[in-house]
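Residue-level listing of the chains:
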Amino acid sequence: MLKMAVIGKDVSKSDSAKMHTFDMKGLGSECSYELLSVTQEELDGVVKKLIAEYDAFNVTIPYKLDVIPYLKEIVGDAQTFGAVNVVKDRIGYNTDGVGFMLMLENNGIDPAGKRVLVLGAGGAGRSVIKKLIDAGAEVFAYDLKAENLQNVCSEFGKVTPLTSVEPADYDLIINVTGVGMHKTEGISPVGAEILSRCSVAVDLIYTPRKSEFLRIAESLGKPIVNGEGMLYYQAYYGDCIVLGKKPDAAEAKRLFEEYKKIYRD
């Protein structure tokens, strides 16, 4: 049995344990999986212990950059984004971007040639923006921190930075800010005036399942997508890395549908 865990500032409400144990079983393996909420002061000791004693581990907010100095190498999207969410054999990977794109695909959303507004350009926003650009979308981005916008523009190009969010026609509006969860539950980063002009609203938040952002969009008759699919698919891609298995989009979708029947219905 594989020994795995996730580390973050507060993972007490994370679905990662049930998601990865279900996923591993579906992929023909088994794992024990721990949720480790870690303070900045504890991080050094915990990461060293995980590297020494665990088969693999996942990393979430706010430590996706902090783990990098402990690793011998970062590869693929982890190198592109400078952030890690999967560690195996002291190699860092990032599956957020591929998880996000599979979520769009399995909800019938093709971003090619679409006008897309991304709210949030740090952390996960960077991976979302890069993947959308690669897929041929016309990307507009807004972030309260001007530095985040400058970084994505200089690194990835082909992004229109916005100093404010004004009503405009977008095929997709994607909330990557985190506003709407934890202490900001019940708050939306934008209101009906903005959301009324989009075709589809996507929120990377999955707890609550319907954020205020999505609730407003749905009340306006817009199709909505929450971040649970991305969470599951990034976990699936990560587990494939851990097992040395080639990922399969159809298999990922089938497993996610089975997972929802068990844990949602």
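Look a little higher up for the structure.
Given the structure is predicted, the values throughout are model-derived calculations rather than measurements.

Side note on the overall build of the protein
Here comes step 1: Summing up its helical and strand segments, the protein has 10 helices and 12 strands in all.
Here comes step 2: Its C-alpha atoms give the protein principal-axis dimensions of about 50 × 40 × 35 Å.
Here comes step 3: In the protein, which comprises 265 residues, the share counted as buried stands at 49%.
Here comes step 4: Accessible surface, the protein as shown: approximately 12,200 Å² in total, 50% of it carbon and sulfur.
Here comes step 5: Side chains of the protein carry 31 positive and 37 negative charges; the gap between the two charge centres is 2 Å.

Quick notes on the layout of surface pockets
Here comes step 1: Empty space within the second largest pocket amounts to approximately 290 Å³.
Here comes step 2: If you go around the second largest pocket, you meet 18 residues; those closest to its centre are Asn107, Val225, Asn226, Glu228 and Lys260.
Here comes step 3: Contributing elements (two or more residues each) for the lining of the second largest pocket: helix H4 (96–106), helix H8 (212–219), strand E12 (224–225), helix H9 (228–243) and helix H10 (249–263).
Here comes step 4: Split into classes, the residues belonging to the lining of the second largest pocket amount to 6 nonpolar, 4 polar and 8 charged.

Quick look at the nonpolar core
Here comes step 1: Formed by 44 residues in total, the largest nonpolar core has its most connected members in Phe100, Ile129, Leu132, Ile174, Val202 and Tyr232.
Here comes step 2: With 17 residues, the next largest nonpolar core counts Leu117, Leu162, Cys198 and Leu214 among its residues.

Digging into the packing of aromatic side chains
Here comes step 1: For the coordinates displayed, the defined rule picks out 8 aromatic pairs.
Here comes step 2: Where Phe140 meets Tyr170, the ring centres are 5.5 Å apart and the plane angle is 70°; that geometry is what we call edge-to-face. Of this pair, Phe140 sits in strand E8 (residues 138–142) while Tyr170 sits in strand E10 (residues 170–175), placing them 30 residues apart in sequence.
Here comes step 3: The exposure class of Phe140 is buried, given its relative accessible area of 9%.
Here comes step 4: Residue Tyr170 is classed as buried on the basis of its relative accessible area, which comes to 6%.
Here comes step 5: Ring centres of Tyr259 and Tyr263 lie 4.8 Å apart, and the angle between their planes is 40°; on these two criteria the pair is classed as tilted. Of the two residues, Tyr259 and Tyr263 are both situated in helix H10; the distance of 4 residues between them amounts to about one turn of the helix.
Here comes step 6: Pairwise contacts between aromatic rings join Phe22, Tyr232, Tyr233, Phe256, Tyr259 and Tyr263 into one cluster.
Here comes step 7: One residue, Lys3, lies across the ring of Tyr54, its end atom 4.5 Å from the ring centre.

Let's talk about the sheet that holds strand E1 (residues 2–8)
Here comes step 1: Pairing is mixed in the open sheet, where 6 strands are placed in the order E2-E1-E3-E5-E6-E4. The open sheet has two edge strands, strand E2 (31–37) and strand E4 (73–74), and neither has a second partner.
Here comes step 2: Across 2 bridges, the pairing between strand E3 (residues 56–59) and strand E5 (residues 86–88) is antiparallel. Across the sheet, Asn58 pairs through a bridge with Val86, a residue of E5.

Regarding helix H6 (residues 146–156)
Here comes step 1: Those residues of H6 lying buried are Asn148, Leu149, Val152 and Phe156. For H6, the arc enclosing every buried residue in end-on projection is 100°, short of the 170-degree limit, so these residues lie on one face. Among the exposed residues of H6, those pointing more than 90 degrees away from its buried face are Glu147, Gln150 and Ser154.
Here comes step 2: Each element contacted by the buried residues of H6 is listed here: helix H3 (77–81), helix H5 (123–134), E8 and strand E9 (159–162).
Here comes step 3: Following H6 by one or two positions, Gly157 adopts a phi angle in the positive range, close to 60°.

Let's talk about the packing of helix H1 (residues 16–26) against H9
Here comes step 1: Direction vectors running N to C along H1 and H9 enclose 55°, while the axes themselves pass 10 Å from each other. Viewed along their axes, H1 and H9 adopt a mutual orientation that is oblique. H1 and H9 meet at a crossing whose hand is right-handed. Facing Met19, His20, Phe22, Asp23 and Met24 of H1, the residues of H9 in contact are Leu231, Tyr232, Ala235, Tyr236, Asp239, Val242 and Leu243.
Here comes step 2: In terms of residue class, the contact of H1 with H9 is built from 9 nonpolar, 1 polar and 2 charged.

Conventions used here
- Residues numbered from 1 in each chain as written.
- Predicted model: local features only at pLDDT ≥ 70, side-chain atom pairs only at ≥ 80, totals over all residues.
- Heavy atoms only, no water.
- Helix = DSSP H or I, 4+ residues; strand = E, 2+ residues; numbered from the N terminus.
- Buried < 20%, exposed > 50% of the residue type's maximum accessible area, 1.4 Å probe, protein only.
- Areas by Shrake-Rupley, 256 points an atom, 1.4 Å probe, with all protein chains shown as cover.
- Lys, Arg positive; Asp, Glu negative; His and termini not counted.
- Charge placed at Lys NZ, Arg CZ, Asp CG, Glu CD.
- 1 Å grid on protein atoms, 1.4 Å probe; cavity = no way out; pocket = protein on both sides within 12 Å on 5 of 7 lines; lining within 4 Å.
- Points joined across faces, edges and corners; volume = space filled by probe spheres on them.
- Nonpolar A, V, L, I, M, F, W, Y, C, P; charged D, E, K, R; others polar.
- Core = buried A, V, L, I, M, F, W, Y, C linked by side-chain atoms within 4.5 Å.
- Phe/Tyr/Trp six-rings, centres within 6.5 Å; stacked < 30°, edge-to-face > 60°.
- Lys NZ or Arg CZ within 6 Å of the ring centre and 35° of its normal.
- Pairing = 2+ DSSP bridges.
- Arc of directions from axis to C-beta.
- Contact = heavy atoms within 4.5 Å.
- Axes fitted to C-alpha atoms, helices over the stretch in contact; angles between N-to-C directions.
- Parallel < 35°, antiparallel > 145°, perpendicular 65-115°, else oblique.
- Left-handed = near helix turned anticlockwise from the far one by under 90°.

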